[in-house]
Amino acid sequence: MESWVRWVGLFAFLVIGIALWMGWRFRIDPEKLPKGLKPMLALELAESADELAGVLGEGPRGEANRQAARGELKVDFLFIAAYGLLFLAAGVLLSRRNLSWGIPLGVAAA
């Protein structure tokens with residue numbers, strides 16, 4: 001059981017580390033933000049090519065924004081995998097507890 005506690009801690013540290021790294025490393029400098037959204041959320045919720053172009057911009061600034069968005073999306077796959085592993089490890093940990101509700105809660109967490 002102690003090893004599962006360590007795995008949960010490792011995956012939690014990994015999730016937090018990736019999230020902090022994504023926030024620090026990838027910066028998008030938008031030309032305009034629709035609806036007062038944050039840059040990545042504005043990219044995800046863009047309803048038209050014009051809105052997308054407005055967020056990313058044109059010229060060198062736009063190319064830098066596109067590279068930053070691509071990089072963040074690639075790292076986002078790592079974040080999703082680490083987050084999934086965290087919940088899976090937490091589910092295993094909870095299912096191995098000597099509690100009547102441990103197994104159902106562990107299955108729900110996984």
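A few points on the structure. Since the model is a prediction, treat every value here as computed from it, not as a measurement. (Residues numbered from 1 in each chain as written. Predicted model: local features only at pLDDT ≥ 70, side-chain atom pairs only at ≥ 80, totals over all residues. Heavy atoms only, no water.)

### Details of the packing of aromatic side chains
Stage number 1. On inspection of all chains with the given rule, the structure shows three aromatic pairs.
Stage number 2. Taken together, the ring pairs connect F79, Y83 and F87 into an aromatic cluster. (Phe/Tyr/Trp six-rings, centres within 6.5 Å; stacked < 30°, edge-to-face > 60°.)

### Notes on the environment of Q67
Stage number 1. When you line up the elements, Q67 lands in helix α4 (residues 59-95).
Stage number 2. Along the chain, Q67 and L56 lie 11 residues apart, while their C-alpha atoms are 10.0 Å from each other. (Helix = DSSP H or I, 4+ residues; strand = E, 2+ residues; numbered from the N terminus.)

### Describing the packing of helix α1 (residues 2-25) against α4
Stage number 1. Relative orientation of the contacting elements α1 and α4 amounts to 160 degrees, with a least axis distance of 9 Å. Between α1 and α4, the crossing angle belongs to the class labelled roughly antiparallel. Here α1 and α4 pass one another in a crossing that is left-handed. (Axes fitted to C-alpha atoms, helices over the stretch in contact; angles between N-to-C directions. Parallel < 35°, antiparallel > 145°, perpendicular 65-115°, else oblique. Left-handed = near helix turned anticlockwise from the far one by under 90°.)

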